[in-house]
Amino acid sequence: MGSTMNSMLDASCRIAFAALLHDLGKFAERAAPDVARERLDAHITNYAKWNDGKGYHSHRHAAYTALFMEKIEGRAPDLVRGNMAPFASRQDGEGSDITDSLVNAAAMHHRPETLLQWIIATADRLASGFEREEFERYNDAEDKTDTGRNHYQARQLTLFEQVRIAQAHAAVTPTNLKYRYPLKPLTPENLFPVKRTGYEPEQNAPAQEEYRALWEAFLHALGDIPSSHRKQWPLWLDHFDTLWQSFTHAIPSATAFGAKPDVSLYDHGKTTAAFAVALWRWHIAQDGLTNEEAIRQHKDRLDWSEEKFLLVQGDFFGIQDFIFAEGAETNKHAARLLRGRSFQVSIFTELAALKVLDVCELPSTSQIVNAAGKFLIVAPNTPEICRKLAAARRELDEWFLREIFGLAGLGLVEKTASCNDFSAKQFDSLIKALFGGLERAKMGRFDLAGDTPPSAVFAIDYPQGVCQYNNHLRADKLGGENKASARLSRDQIEIGKALAHQDKLLIARDGADLHEGGVKILETPIFGYRVGFTVAGNGQFGDLVRSGDLLRYWDFSLPKNLQDALWHGYARRYINAYIPEFRDVNIEEYEHHQKYADCENEECRLESPKTFNHIAWEDRQLTIRGEKETWIGQIALATLKGDVDNLGKIFQQGLSPVTFARMAALSRQLNAFFAIWLPAYCAEKYPDTYTVFAGGDDFFLVGPWRSTQRLAADMAGEFRRFVAENQDIHFSAGFVMTKPGYPVHALAEQAENALEMAKGYRSAEERKNAVCLYNEVVPWSQWNALAGLEQEIDDLSKEYTLSSGYVYGLLSLIDLATSETTESAMWRSRFSYRTRCYVVDKLAQPAWAIAQTRLADTFGERGIAAQGSKFRIPLFNFFYSKRSNA
């Protein structure tokens with residue numbers, strides 16, 4: 001691309017930046033910074049909306065946007081001088097009153113005059129889903145919400161609390177919304193709402209103090225972006241996008257006209273930026289349309305039915321087949337391959353989105369949704385963009401056919417849209433069309449039946465044989481012990497190694513020199529990009545930045561705990577998985593683990609990754625039997641697969657009204673639970689669990705058998721807290737227990753089957769909001785009762801020295817009690833007889849009565865009678881926990 005980035009892309013970045021920060025003043029004003037009264041009054045006169053009927057200026061935050069943009073200027077690409085296209089530039093010695101400056105375009109959105117100002121103003125209204133009359137009322141309104149708090153005091157509502165699917169639930173009103181997001185920087189814990197009572201301030205002083213602390217932290221963090229990256233607008237803007245999210249994810253955007261403050265400043269600004277870029281690009285592509293005519297059309301909404309937008313959706317298909325592909329050596333490298341493949345899928349999706357942005361010359365802010373193998377980009381609907389997208393689609397299809405024989409791929413579909421389509425009244429129809437487009441794309445993969453099918457064909461020769469890690473791929477190299485492999489598989493193993501010790505990702509153009517700073521470069525170019533892993537910090541890769549070859553620099557590090565800050569100076573991508581490592585163990589433990597390690601050649605040393613064989617041993621307990629210490633507990637792995645129930649209904653009909661910004665916010669927040677909170681929770685509470693993949697609305701975990709059950713129950717409880725106790729939003733999960741060394745594809749199939757049972761897909765009755773374990777489906781609401789019974793079984797076993805024969809015999813009684821025969825009622829008499837015999841035979845006479853009563857209550861009434869076949873779960877757990885493996 002040469003020494004300077006494409007001028008159209010740079011110009012688009014400036015439009016995006018102005019739109020992203022059009023409400024910067026809301027943040028600044030609420031923080032109550034010191035401003036000279038005379039200067040503030042002048043800016044209010046210039047930027048705020050005058051209300052003739054009430055005799056005051058409304059929306060004063062616009063004045064603060066203009067005032068405090070200067071706080072950003074010193075640590076951003078030049079915002080006032082040099083090439084500022086499409087905005088006016090202020091050269092040295094010239095006056096500062098330039099009407100079409102970037103600052104004015106950002107701040108004049110409530111009283112626009114020029115075309116650039118009208119473009120951002122229109123984008124602002126589209127992001128809010130305003131109808132014309134509704135906007136006019138909003139534009140003249142005071143800063144007060146429908147929750148009774150003013151713009152200083154109001155804290156952001158959670159969208160999750162407002163989702164309604166079941167008709168029987170109460171309607172959403174200001175009085176029954178009880179949760180707010182804490183006004184704090186983004187951390188895993190700060191993703192969760194808190195009760196309004198006791199948190200949301202009623203006075204301005206404490207409310208503004210909270211804003212002031214956040215504002216000062218934001219300004220300080222702005223300096224963390226490497227100064228060298230200011231030379232490239234697309235790179236710097238990607239970093240700033242993450243910074244803006246980190247500090248404004250919980251700032252309510254709308255606080256006027258009795259608005260419901262449930263969309264963050266970040267989500268509103270991000271969607272505004274995407275709309276603004278697309279609108280500007282559409283306008284400059286129109287021959288013969290003067291600025292004056294364009295302004296009139298914006299002002300009077302004369303062209304709101306014209307399809308100016310192109311919504312580009314990407315959807316990675318074949319994820320499970322790709323991640324769980326088999327080969328002769330797959331099981332010997334299971335942990336590395338799984339984490340490498342899962343990360344590789346994320347890279348594919350990210351780089352496919354980058355390819356679309358790249359060919360369309362769009363900034364990263366035009367990508368609105370990106371989670372779980374899906375993305376959504378807002379582009380201008382022009383003939384040039386349509387041609388470029390068609391070429392990009394062919395390039396992606398040919399890459400997947402050439403590299404992995406079409407076993408997986410990425411569907412790319414477009415949907416045209418007008419401004420009217422984003423109004424609250426019409427947006428639900430647009431959402432349904434978007435979902436339908438993705439479903440149709442799955443049926444027409446690679447356009448094989450289209451007019452221009454891909455030109456790539458499968459190779460018919462295998463001179464090096466089949467890849468030993470994926471028997472679908474052709475080997476291109478012989479390694480040690482004559483093990484043939486494909487470069488994609490070798491990359492997966494290298495990724496599996498890199499994830500344990502490196503946390504930055506470099507994306508450069510193919511041909512760029514990435515060898516600076518000890519970068520680990522993947523063999524396979526992906527869609528025309530080179531990918532490298534590094535841990536380098538500020539000051540590195542300056543030559544790549546200056547040349548324009550470094551397109552993205554992503555931080556994918558995981559938070560170390562639930563309070564860990566997520567901003568580290570670089571753009572973030574939440575695509576990493578938690579990897580169990582050896583920590584704080586003595587040399588005897590190391591030797592023990594090495595003895596039972598699989599063939600992955602992972603050394604048993606501090607901070608080296610554990611293999612699946614290692615973690616299968618982690619739920620054992622050291623106990624005393626006789627006079628000897630011995631380890632007890634089943635050596636086994638658990639696979640846990642789950643996803644959110646009724647996801648389509650949540651997005652298509654759960655919110656009313658639904659807007660583009662609300663949809664984007666809901667998607668981002670849902671993804672955050674699995675992609676941000678879950679790995680951090682594992683790191684803090686369950687350090688022996690692999691998050692093979694977690695993001696979007698689903699997860700796939702591998703861990704020790706018993707700990708993973710506890711983790712699943714914790715997740716269900718924390719998810720309820722995350723969605724503000726909304727009973728309409730929940731997830732289901734399938735749990736499979738196996739010995740280590742079990743084929744990974746079989747693990748995936750069995751976990752999928754268990755998940756389908758939990759959802760009721762394999763029965764006449766739809767269940768959901770449940771977990772399937774040992775082929776038993778348990779609603780999450782009943783899980784704690786079963787967990788309590790398991791503890792009671794253990795306590796009774798110790799107190800009365802229950803024999804394994806007595807406890808095992810309960811299983812046959814469960815079979816009898818749940819059978820549909822005339823003898824089923826006989827389980828009670830048989831249970832009473834067996835229990836009486838055991839008590840009399842094994843215990844002293846004074847204990848008979850109380851023992852029989854307690855055993856009858858736990859095993860009989862609250863066990864078999866109340867739980868039926870589900871009582872097998874605590875019994876199985878009890879048996880497995882007592883197995884000797886010395």
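Source: prediction; values computed, not measured. (Residues numbered from 1 in each chain as written. Predicted model: local features only at pLDDT ≥ 70, side-chain atom pairs only at ≥ 80, totals over all residues. Heavy atoms only, no water.)

**Quick word on the nonpolar core**
Line of reasoning, step 1. Counting 257 residues, the largest nonpolar core has Phe17 and Phe240 as its most contacted members.
Line of reasoning, step 2. For this core, the element with the most residues is helix α23 (residues 660-685), which contributes 16 residues.
Line of reasoning, step 3. For Phe240, the residues in contact, after removing those within four places along its chain, are Phe17, Leu20, Leu21, Phe218, Leu222 and Ile225.
Line of reasoning, step 4. Judged by nonpolar contacts, the second largest core, of 12 residues, contains Leu235, Leu506, Leu544 and Leu550. (Core = buried A, V, L, I, M, F, W, Y, C linked by side-chain atoms within 4.5 Å. Buried < 20%, exposed > 50% of the residue type's maximum accessible area, 1.4 Å probe, protein only. Helix = DSSP H or I, 4+ residues; strand = E, 2+ residues; numbered from the N terminus. Contact = heavy atoms within 4.5 Å.)

**Thoughts on the sheet that holds strand β15 (residues 571-572)**
Whether parallel or antiparallel, the strands of a sheet pair through hydrogen bonds between backbone atoms.
Line of reasoning, step 1. On the basis of which strands lie adjacent, the open sheet formed by 5 strands has the order β12-β13-β11-β14-β15 and mixed pairing. Every other strand in the sheet has two partners, leaving β12 (520-521) and β15 as the edge strands with one partner each.
Line of reasoning, step 2. Bridge analysis of strand β14 (residues 550-555) against β15 gives 2 bridges, and the strand direction is parallel. If you follow Trp554 over to β15, its bridge partner there is Ala571.
Line of reasoning, step 3. Where helix α15 (residues 334-360) meets the sheet, its contacts fall on β11 (504-509), β13 (529-534) and β14, and the angle it forms with β13 comes to roughly 130 degrees. (Pairing = 2+ DSSP bridges. Axes fitted to C-alpha atoms, helices over the stretch in contact; angles between N-to-C directions.)

**A short note on the side chain of Arg149**
Line of reasoning, step 1. Along the polypeptide, Arg149 turns up in the loop between α8 (132-139) and α9 (159-162).
Line of reasoning, step 2. The class for Arg149 is buried, based on a relative accessible area of 14%.

**Considerations on the pairing of strand β18 (residues 637-644)**
It is a general feature of regular strands that their side chains alternate between the two faces of the sheet.
Line of reasoning, step 1. Most of β18 sits inside the fold, with 8 of its 8 residues counted as buried.
Line of reasoning, step 2. Burial along β18 is two-sided: Leu637, Thr639, Lys641 and Asp643 facing one way and Ala638, Leu640, Gly642 and Val644 facing the other are all buried.

**What to know about the pattern of salt bridges**
Line of reasoning, step 1. Counted according to the given criterion, the structure contains 53 salt bridges.
Line of reasoning, step 2. One salt bridge connects Arg530 with Asp510, and the closest N-O pair in it is separated by 3.7 Å. Remark: Asp510 occurs in the loop between β11 and β12 and Arg530 occurs in strand β13; sequence separation between them is 20 residues.
Line of reasoning, step 3. Between Arg828 and Glu861 there is a salt bridge whose closest N-O contact spans 2.6 Å. Within this pair, whereas Arg828 is found in helix α28 (residues 827-842), its partner Glu861 is found in helix α29 (residues 848-867), the two being separated by 33 residues in sequence. (Salt bridge = Lys/Arg side-chain N within 4 Å of Asp/Glu carboxyl O.)

**Looking at the packing of helix α24 (residues 705-722) against helix α26 (residues 780-800)**
Line of reasoning, step 1. As a packed pair, α24 and α26 sit with axes 11 Å apart at the nearest point and diverge in direction by 140 degrees. The orientation of α24 relative to α26 falls into the category oblique. Judged by the twist between their axes, the crossing of α24 over α26 is left-handed. Contacts between α24 and α26 involve Arg706, Gln709, Ala712, Ala713, Ala716 and Arg720 from the first element and Trp780, Trp783 and Glu790 from the second.
Line of reasoning, step 2. Here the residues of the contact of α24 with α26 sort into 5 nonpolar, 1 polar and 3 charged. (Parallel < 35°, antiparallel > 145°, perpendicular 65-115°, else oblique. Left-handed = near helix turned anticlockwise from the far one by under 90°. Nonpolar A, V, L, I, M, F, W, Y, C, P; charged D, E, K, R; others polar.)

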